[in-house]
Amino acid sequence: MNTSIVGRNIDLTEAIKNYAESAFESIKKYNLDIISANIVIRDNKKGGTFTVEFVINVKDKHTVVITQNDKDVYAAIDLALERAKKNLRRYADKLKDHNHESLKEIEESSQSSSEANDEESEFVPMELKLYKPLDFDEAKMILEESDENFLVFNDNDGNTRVICKLDNGKYGLY
């Protein structure tokens, strides 16, 4: 990883340089392919504040740019570092959560698992019955005739509704 610390309108002391270099060490823990990391520290003489800018180039990702202003250089570095860590952690988690299998491996694994589970499948293919829209009285009558506790149906307006038998003998409509 190429690193650089640059000061604009400010003379960087050894303490500031060492503090900024320790920031580089803390972003290495995410095991990302970081190509380069740069820190630019500016003294905004008019406002009496410092601006710290982290520019981190990660392989296969766009450049991460974090800018932070504060009255204290060390506080600005800390805040920018925390924001950069958060961004890199999210990216590392995203990479870790995705399975990087090729399409060929996925097809082979699905074929082998489907062959092994053909006889013992939990799901049985069923024909879908397309129903006409029902009004509430028809849905209630169908539910009364069946042993089910609820019925999902489409009403005349095209909305999906649920009618259910309640404990007190009445019906609930959702």
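Every chain is numbered independently, its residues counted from 1 as its sequence is written. Only residues with pLDDT of at least 70 get local features here, since the model is predicted, and only at 80 or more are side-chain atom pairs given and counted; chain-wide, interface and lining totals rely on the full set of residues. The side-chain values count all of the structure's non-hydrogen atoms but skip hydrogen atoms and water molecules.

Colleague: Sorry, what's going on with the overall build of the chain here?
Modeller: Helix and strand assignments come from DSSP, with helices taken as H or I runs of at least 4 residues and strands as E runs of at least 2, each series counted from the N terminus. Broken down by element type, the chain carries 4 helices and 7 strands. Listing every helix and strand of the chain by position from the N terminus yields β-α-β-β-β-α-α-α-β-β-β. Contacts in the chain between residues far apart in sequence, at least 24 positions, make up 38% of those at least 6 positions apart. Split by element, the accessible area of the chain, about 12,900 Å² in all, is 48% carbon and sulfur. Residue contacts are counted whenever heavy atoms from the two residues lie within 4.5 Å of one another. In these tables, accessible area is a Shrake-Rupley quantity obtained with a 1.4 Å probe, and a residue counts as shielded only by the protein chains included in the view.

Colleague: Help me out: how do you make sense of the packing of aromatic side chains in this one?
Modeller: Here a ring pair, both rings aromatic, is described through the centre-centre distance and the interplanar angle of the planes. Here a pair means two rings of Phe, Tyr or Trp (six-membered ring of Trp) with centres within 6.5 Å. Their orientation is stacked below 30 degrees between planes, edge-to-face above 60, and tilted elsewhere. Using the criterion set out here, one finds 2 aromatic pairs in the structure. Taking the centre distance of 5.1 Å and the plane angle of 90 degrees together, the rings of tyrosine 19 and tyrosine 74 count as edge-to-face. In this pair, tyrosine 19 is assigned in helix α1 (residues 14–27) and tyrosine 74 in helix α2 (residues 73–97), connecting sequence segments 55 residues apart. For every residue, the accessible area obtained with a 1.4 Å probe (protein chains only) is divided by the maximum for its type, and the residue is called buried under 20%, exposed over 50%, and partly exposed between those limits. Its relative accessible area of 30% is what places tyrosine 74 among the partly exposed residues. Aromatic pair phenylalanine 136 and phenylalanine 153: ring centres 6.4 Å apart, planes at 80 degrees, arrangement edge-to-face.

Colleague: Just checking my understanding: could you explain the side chain of aspartate 155 for this structure?
Modeller: Its location among the elements puts aspartate 155 in the loop between β5 (150–154) and β6 (160–165). With a relative accessible area of 5%, aspartate 155 lands in the buried category. There is a polar contact of 3.1 Å between the side chain of aspartate 155 and the backbone nitrogen of aspartate 157. Contacts described as polar in this section are N or O atom pairs within 3.5 Å, which, within protein, must combine one atom able to donate a hydrogen with one able to accept it, while residues neighboring in sequence count only if both atoms come from side chains. There is a polar contact of 3.5 Å between the side chain of aspartate 155 and the side chain of arginine 161. Not counting residues up to four positions away in its chain, the partners in contact with aspartate 155 are Pro133, Leu134, Phe136 and Arg161.

Colleague: I would appreciate a short explanation of α2 in the present structure.
Modeller: At 3.6 residues per turn, the α-helix brings residues three or four places apart onto the same side. Helices are assigned an expected span. That span is 1.5 Å times one less than the residue count. Spanning 25 residues, α2 covers 36 Å between terminal C-alpha atoms, matching the ideal 36 Å at 1.5 Å per step. Every buried residue belonging to α2 is among Val73, Ala76, Ile77, Ala80, Leu81, Ala84, Lys85, Leu88, Tyr91 and Ala92, and all of these are buried. Residues of α2 that are buried in the fold lie against α1, β2 (34–44), β3 (49–58) and β4 (63–70).

Colleague: In this structure, what is going on with the sheet that holds strand β1 (residues 2–8)? I would like to understand it.
Modeller: Pairing between sheet strands relies on hydrogen bonds along the backbone, with the strands arranged either parallel or antiparallel. In space, the 4 strands of this open sheet follow the order β1-β2-β3-β4, with mixed pairing throughout. Across the chains shown, the open sheet's two edge strands, defined by having one partner strand only, are β1 and β4. Averaged over all pairs of adjacent strands, the angle between their axes in this sheet comes to 10 degrees, without regard to strand direction. Any two strands are treated as partners once DSSP identifies two or more bridges connecting them. Two strands pair when backbone bridges link them, and β1 and β2 are joined in this way by 7 bridges, in the parallel orientation. Bridged to threonine 3 within β2 is alanine 37. α1 contacts β1, β2 and β3 of the sheet and is inclined by roughly 145 degrees relative to β2. Note on method: axes are straight lines fitted to C-alpha atoms, helices fitted across the in-contact stretch only, with angles between N-to-C directions ranging 0 to 180 degrees. Packed onto the sheet, α2 meets β2, β3 and β4 and runs at close to 25 degrees relative to β3.

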